[in-house]
Amino acid sequence: MNNAEISEKLVKMLDLRYEPVAVKIVKKGDKIPEGFEEPENNIRHCQSIMRARKGESFVIPAGKHACVVGASSLGLMPIPPKVKEGEFHANIGMFDCSDAAANMIEQRSEFEEGSTIATVVGPLKDFDIEPDVVILVDVPETLYWLVPAATFFEGGRQAFSTAAFQATCVDSTIIPVISGNMNMSLGCFGCRRSTDIRNEEMIAGIPYKNLEIMIEALEKIHDGPMQKARQK
């Protein structure tokens with residue numbers, strides 16, 4: 001399947017409200033893909049995701065990333081001392097002290113500093129290149145069906161990692177890329193403050209390499225268990 005076909009199947013079977021979003025991490029030494037424009041103004045990773053689900057596409061070099069917290073985790077820039085030491089997030093009022101905030105940063109998944117030169121973000125259906133991860137934004141009932149799809153063939157349980165911050169950069173982009181497994185997030189302070197994500201929506205990040213087998217599973221459960229559960 002090509003990316004347009006994958007996207008169409010996801011939208012149809014899950015009844016998605018928005019387009020699946022593709023994210024490509026452009027590593028140092030790699031060529032930046034052609035056909036993508038830089039955003040006019042600096043943009044946060046979370047903002048690029050929320051705009052891409054509605055049809056926009058971007059190539060965002062390090063200098064165009066507006067959020068130093070996200071950009072540093074993505075390997076685009078050094079982590080600022082106030083972020084690493086916890087002062088930045090403690091000042092927001094989400095932690096009892098800077099040590100607690102620093103502990104969150106210390107435990108986050110991240111790409112090596114300086115290893116990334118840009119991110120490319122846009123609707124999966126428009127991607128002619130292979131992305132690293134595909135991100136879905138929707139309500140819990142919709143994203144729930146990704147869990148039986150992920151466990152259909154081998155069973156087991158799904159374990160998700162999240163925090164009060166970095167729902168799209170760490171939870172939905174970096175963790176799926178590093179772990180090779182889907183991850184889900186309830187959203188975070190930053191994306192809920194800086195984007196148009198709705199109160200009732202959450203986020204899932206799926207490694208691109210896992211999508212075809214998940215779609216195969218969704219096709220098997222769509223007309224049976226999914227429809228039975230969705231009947232009201």
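The model shown is predicted, which means the values in this text are computed figures rather than measured ones. (Residues numbered from 1 in each chain as written. Predicted model: local features only at pLDDT ≥ 70, side-chain atom pairs only at ≥ 80, totals over all residues. Heavy atoms only, no water.)

Chemist: How do you make sense of the sheet that holds strand S5 (residues 183-185) when you look at a structure like this?
Modeler: Strand pairs in the sheet, formed through backbone hydrogen bonds, run parallel or antiparallel to each other. Here we have six strands laid out as an open sheet, ordered S2-S3-S1-S4-S6-S5, and antiparallel in their pairing. Only two strands of the sheet have a single neighbouring strand rather than two, namely strand S2 (58-61) and S5. Taking the axes of each pair of neighbouring strands and ignoring which way they run, one obtains an average angle of 20° across the sheet. Examined bridge by bridge, strand S1 (residues 21-27) and strand S4 (residues 133-138) share three bridges and lie antiparallel to one another. Across the sheet, residue Val 21 finds its bridge partner in S4, namely Ile 135. Together, S1, S4, S5 and strand S6 (202-207) form the strand contacts of helix H9 (residues 167-179), whose direction differs from that of S4 by roughly 140°. (Pairing = 2+ DSSP bridges. Helix = DSSP H or I, 4+ residues; strand = E, 2+ residues; numbered from the N terminus. Axes fitted to C-alpha atoms, helices over the stretch in contact; angles between N-to-C directions. Contact = heavy atoms within 4.5 Å.)

Chemist: Explain the pattern of salt bridges here, please?
Modeler: A side chain with one charge may pair with a side chain of the opposite charge, provided their charged atoms come close. Following the criterion strictly, the structure yields 13 salt bridges and no others. For Glu 201, the salt bridge identified is with Arg 53, shortest N-O distance 3.1 Å. Taken together, the residues Glu 201 in the loop between helix H10 (189-194) and S6 and Arg 53 in the loop between helix H2 (45-52) and S2 connect sequence positions 148 residues apart. Owing to a relative accessible area of 2%, Glu 201 belongs among the buried residues under this scheme. (Salt bridge = Lys/Arg side-chain N within 4 Å of Asp/Glu carboxyl O. Buried < 20%, exposed > 50% of the residue type's maximum accessible area, 1.4 Å probe, protein only.)

Chemist: Please clarify how a nonpolar patch on the surface should be interpreted in this entry.
Modeler: Together, Phe 88, Ile 92 and Met 94 line one region of the surface with nonpolar side chains, adding up to about 240 Å² of accessible area. Position of Phe 88 among the secondary structure elements: in helix H5 (residues 87-90). (Patch = residues over 30% accessible without salt bridge, like charges linked within 9 Å, V, L, I, M, F, W, Y side chains within 5 Å. Areas by Shrake-Rupley, 256 points an atom, 1.4 Å probe, with all protein chains shown as cover.)

Chemist: Explain the nonpolar core to me, please; I cannot follow it from the model alone.
Modeler: If you look at the biggest cluster of nonpolar residues, it comprises 32 residues, and the most contacted ones within it are Leu 10, Leu 14, Leu 136, Leu 146, Leu 211 and Leu 218. Elements with a contribution of two residues or more to this core: helix H1 (3-14), S1, strand S3 (116-123), S4, helix H8 (146-151), S6 and helix H11 (211-230). Sorting elements by how many residues they give to this core places H11 first, with seven residues. Excluding anything up to four places from it in sequence, Leu 10 contacts Asp 15, Leu 16, Pro 20, Leu 211, Ile 215 and Leu 218. Counting residues in each nonpolar core, the second largest holds 27 residues, with Val 137, Cys 169, Val 170 and Ile 174 among its members. (Core = buried A, V, L, I, M, F, W, Y, C linked by side-chain atoms within 4.5 Å.)

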